Amino acid sequence: MCSLMLIGRNCRFFGRVGSYLVKPLACLFISSSTMAKSKFEYVRNFETDDTCLRNCYIVVRLDGRNFHKFAEQHNFTKPNDNRALGLMTRSACSVMEELEDIIIAYGQSDEFSFVFKRTSNWFKRRASKFMTHVASQFSSSYVFYWKEFFGEQPLLYPPGFDGRVVLYPSNRNLRDYLSWRQADCHINNLYNTVFWTLVQRGGLTPAQAQERLKGTFAADKNEILFSEFDINYNNESLLHRKGTALIWEKQDETVTKRMKLPNEEEKDVQVTRSRKKVQAYHCDIIGDQFWEEHPDILEDDNC
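Let us look at the structure shown here. Nothing here was measured: the structure is a model prediction, and the numbers come from that model. (Residues numbered from 1 in each chain as written. Predicted model: local features only at pLDDT ≥ 70, side-chain atom pairs only at ≥ 80, totals over all residues. Heavy atoms only, no water.)

1. Overview of the side chain of Ser 94
So the rule is basically this: Labels follow the DSSP assignment, with helices taken as runs of H or I lasting at least four residues and strands as runs of E lasting at least two, numbered in each case from the N terminus. Residue contacts are counted whenever heavy atoms from the two residues lie within 4.5 Å of one another.
Within the secondary structure, Ser 94 sits in helix H4 (residues 82-98). Contact partners of Ser 94, with chain neighbours within four places excluded, come to Gln 137, Ser 141 and Tyr 145.

Printed below as a string of structure tokens:
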């Protein structure tokens, strides 16, 4: 009705269009607002309330979907491909830079966990929003930065990552979770290191290597590496043995600025400012030392 009214008055009073446009346009905006309250809005009642419990750390963990096949088709180096690990870390940094409420992230192999601070109010604490935003930012970053790590090797198809949200109410619970993921890193890396050494240097087939390692303990695997291949597992890369922890750290950076002095003269002046940047650590996070050196990561349990 309002649009017809606008056209009619434009045609009839061409010489005085300006004075006749205000009311019909306002009518159009009111009509649009009214239309938003439609009879179909009841469907929103079917949405599930997935608000995360307050005073809990929100952890979003991503895992590569069918990454065994992905690694094979893209010729990842065994047992560890530093290009792939670097790309995972770069993608995780991108997530942290986008979502600054993340206080720490930990990753190994094809997984990364992101910890949001307990007091975070992002997305009104909706679990689905946390998970989908982290997963989409990580996946798109993985594709975006692919060439930075793999050069001209083509990305044959887009990777997928599934996610889950878990809440941890205390610092102890959160530290135990991160300790669990790092212990998993050690177990998997030790097995893969021995397995691929038996295949690549020992001449065994994958099936034979799997049979050789069946029922062995960590001490047995260390003994195979040392006695048969002169490899001390403790000397292997910390990146592979410990995974990657990402945290925020303040860093001073000096920039040159052109400034005008009181006498109208311009001069280049060096200015130092402090900025938060994501820093990677490849170290033990199960013991107390890491947490004592970075006391700002965890919030007070009494808050």
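2. Quick word on the pattern of salt bridges
To keep it simple, the criterion reads: A carboxyl oxygen of Asp or Glu within 4 Å of a side-chain nitrogen of Lys or Arg is what we treat as a salt bridge. Each residue gets one of three labels from its accessible area relative to the maximum for its type: buried under 20%, exposed over 50%, partly exposed in between, using a 1.4 Å probe on protein chains only.
If you walk through the whole model with that rule in mind, you get 15 salt bridges. A salt bridge links Asp 184 to Arg 181, with the nearest nitrogen and oxygen atoms 3.2 Å apart. Separated by three residues within a single helix, Asp 184 and Arg 181 lie in helix H7 (residues 171-200), roughly one turn from each other. Accessibility expressed as a relative area gives 21% for Asp 184, which makes it partly exposed. Here Arg 181 falls in the buried class, since its relative accessible area comes to 4%. Notably, a salt bridge pairs Glu 228 with Arg 212, separated by 2.4 Å at the nearest N-O pair. Here Arg 212 lies in helix H8 (residues 206-213) and Glu 228 lies in helix H9 (residues 218-229), a separation of 16 residues in the sequence. Connected through salt bridges with shared partners, the residues Arg 61, Asp 63, Asp 162 and Arg 164 form a single ionic network.

3. Brief notes about the sheet that holds strand E5 (residues 244-260)
Put simply, the test is: Strands pair, by our definition, only if DSSP identifies at least two bridges between them. Axis angles are defined between N-to-C directions and span 0 to 180 degrees, where every axis is a line fitted to C-alpha atoms and, for a helix, only to the segment in contact.
Spatially, E4-E1-E3-E2-E5-E6 is the arrangement adopted by the six strands of the open sheet, whose pairing is antiparallel. The open sheet is flanked by strand E4 (161-168) and strand E6 (266-281), the only strands paired with a single partner. Recorded for the sheet is a direction-independent mean angle of 25 degrees between the axes of neighbouring strands. Examined bridge by bridge, E5 and E6 share 16 bridges and lie antiparallel to one another. Within the sheet, the bridge partner assigned to Glu 253 lies in E6 and is Arg 273. Across the sheet, H7 touches strand E1 (57-64), strand E2 (102-108), strand E3 (111-116) and E4, and the angle it forms with E2 is around 20 degrees.

4. What about unusual backbone geometry?
For residues besides glycine, phi is generally negative; the peptide bonds are generally trans as well. Here the residue pair Lys 78 and Pro 79 is connected by a cis peptide bond, since its omega of 0 degrees sits within 30 degrees of zero. Here Pro 79 shows up in the loop between helix H3 (67-73) and H4. Although it is not a glycine, Phe 123 adopts a positive phi angle of roughly 55 degrees. Note that Phe 123 resides in the loop between E3 and helix H5 (127-144). Taking relative accessible area as the criterion, Phe 123 reaches 25% and is therefore assigned partly exposed. At Asp 230, a position not held by glycine, the phi torsion is positive, near 55 degrees.

5. Quick word on the packing of aromatic side chains
As a reminder of what qualifies: Two rings from Phe, Tyr or Trp (for Trp, the six-membered ring) form a pair when their centres are within 6.5 Å of each other. A pair whose planes differ by under 30 degrees is stacked, one over 60 is edge-to-face, and the rest are tilted.
Tallied over the entire structure, the rule returns 26 aromatic pairs. With centroids separated by 5.6 Å and ring planes inclined at 20 degrees, the aromatic side chains of Phe 76 and Phe 150 adopt a geometry described as stacked. You can see Phe 76 sitting in the loop between H3 and H4 and its partner Phe 150 sitting in helix H6 (residues 146-150), a full 74 residues away along the chain. Comparing Phe 76 with Phe 150, the two get one shared label, buried.

Everything listed is a geometric property; what it means functionally is a separate question.
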